[in-house]
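# Observations on the model geometry
What follows is each chain in one-letter form.
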Amino acid sequence: EAQVTQNPRYLITVTGKKLTVTCSQNMNHEYMSWYRQDPGLGLRQIYYSMNVEVTDKGDVPEGYKVSRKEKRNFPLILESPSPNQTSLYFCASSLPGRSPLHFGNGTRLTVT
Amino acid sequence: GDSVTQMEGPVTLSEEAFLTINCTYTATGYPSLFWYVQYPGEGLQLLLKATKADDKGSNKGFEATYRKETTSFHLEKGSVQVSDSAVYFCALSPSWGKFQFGAGTQVVVTP
């Protein structure tokens, strides 16, 4: 089954403790991206990647890191999480061009 | 910069009522436009899309027409069902890799 898989689904952590949210897709998509969803703000793009070893900042990249060492994986790294990063995070992938996005089921992160 | 504005919700309707969700955008050039739907506890799913002016996207009884003159992409459905209860997002892609989403509109359909 074609899908985007995020882990974990839920994560509660404390300020400053480094964490990684994993994202994997099995559709051989070149493009992958991360979004955060907050009430009243919709989805905001954090980082995106056009292909392996090619990443770029979205609208809200501060406090986040990404890497794209393999085509199927695109982990999101929070080196020193803060409470304002409490949010619902989505990973997505797509084919080249302005193709529709395929989303994972989300990771709900709480930073205390 | 590019942006999407959609009507605030929640929108509450009775089953079989007509649904309209307004969406307007600001963008340079010719973006692609999308409607996504999010059911509780799930990620967003593509509902329909349009890639150029006057294109009409349609799926599952939903329709939206790309209106460049009014910079709009309103979503409509003639007869909603309880199963249409969800959050609907309007989005645009001005270029490859860049997406802008609206704030989302919650739709609640009652029997």
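Residues numbered from 1 in each chain as written. Chains lettered and ligands numbered in written order. Predicted model: local features only at pLDDT ≥ 70, side-chain atom pairs only at ≥ 80, totals over all residues. Heavy atoms only, no water.

## Considerations on the sheet that holds strand E9 (residues 75–77) of chain B
All names here are of chain B. One open sheet holds the 4 strands; their spatial order is E3-E9-E8-E7, and the pairing between them is antiparallel. The two strands at the open ends of the sheet, each matched to only one other strand, are strand E3 (19–21) and strand E7 (56–59). Averaged over all pairs of adjacent strands, the angle between their axes in this sheet comes to 15°, without regard to strand direction. Across 3 bridges, strand E8 (residues 62–65) lies against E9 in antiparallel orientation. Across the sheet, residue alanine 64 finds its bridge partner in E9, namely leucine 75. (Pairing = 2+ DSSP bridges. Helix = DSSP H or I, 4+ residues; strand = E, 2+ residues; numbered from the N terminus. Axes fitted to C-alpha atoms, helices over the stretch in contact; angles between N-to-C directions.)

## Looking at the packing of aromatic side chains
The tally for this structure, following the rule as stated, stands at 13 aromatic pairs over all chains. Seen in terms of ring centroids, phenylalanine 103 of chain A and phenylalanine 101 of chain B are 6.2 Å apart; in terms of plane orientation they differ by 75°. Their pairing is edge-to-face. Here phenylalanine 103 of chain A is found in strand E10 (residues 102–103), whereas its partner phenylalanine 101 of chain B is found in strand E11 (residues 98–101) on a different chain. A relative accessible area of 11% places phenylalanine 103 of chain A in the buried class. Summarising the aromatic geometry, the rings of tyrosine 36 of chain B and phenylalanine 101 of chain B are spaced 5.8 Å apart at their centres and angled 50° between planes, so their arrangement reads as tilted. With tyrosine 36 of chain B in strand E5 (residues 32–38) and phenylalanine 101 of chain B in strand E11, this pair connects stretches of sequence that are 65 residues apart. Relative accessible area serves as the criterion here: at 0%, tyrosine 36 of chain B is assigned to the buried category. (Phe/Tyr/Trp six-rings, centres within 6.5 Å; stacked < 30°, edge-to-face > 60°. Buried < 20%, exposed > 50% of the residue type's maximum accessible area, 1.4 Å probe, protein only.)

## With respect to the interface of chain B and chain A
Contact residues are listed per partner, giving 24 residues for chain B and 25 residues for chain A. A buried area of about 1,900 Å², summed over both sides, lies between chain B and chain A, and 56% of it is on carbon and sulfur atoms. The largest contributions to the chain B side of the interface with chain A come from Trp96, Phe99 and Phe101 of chain B, which together make up 35% of the buried area. Our count for the contact surface shared by chain B and chain A stands at 0 salt bridges. Our count for the contact surface shared by chain B and chain A stands at 6 residue pairs in polar contact (both at pLDDT 80 or more). Elements represented by at least two residues in the side of chain B that touches chain A include exactly E5, strand E6 (44–50), strand E10 (86–95) and E11 of chain B. When its residues are assigned to classes, the side of chain B that touches chain A shows 12 nonpolar, 9 polar and 3 charged. (Contact = heavy atoms within 4.5 Å. Buried area = accessible area lost by both parts, 1.4 Å probe. Salt bridge = Lys/Arg side-chain N within 4 Å of Asp/Glu carboxyl O. Polar contact = N/O pair within 3.5 Å; in protein donor to acceptor, adjacent residues only side chain to side chain. Nonpolar A, V, L, I, M, F, W, Y, C, P; charged D, E, K, R; others polar.)

## Overview of the pattern of salt bridges
Pairing between side chains of opposite charge can happen when the charged atoms of each approach one another. Residues and elements named next belong to chain A. Counted by the stated rule, this structure contains 8 salt bridges over all chains. Residue lysine 71 is joined to glutamate 30 by a salt bridge in which the shortest nitrogen-to-oxygen separation is 3.7 Å. With lysine 71 in the loop between strand E7 (65–66) and strand E8 (76–78) and glutamate 30 in the loop between strand E3 (19–25) and strand E4 (31–38), the pair connects residues that are 41 residues apart, well separated along the chain. Between glutamate 79 and lysine 65 there is a salt bridge, with its nearest N and O atoms 2.9 Å apart. Of the two residues, glutamate 79 sits in the loop between E8 and strand E9 (87–94) while lysine 65 sits in strand E7, which places them 14 residues apart along the sequence. You can call lysine 65 partly exposed: its relative accessible area is 41%. Because the salt bridges share partners, they merge into one network encompassing Lys18, Lys65 and Glu79.

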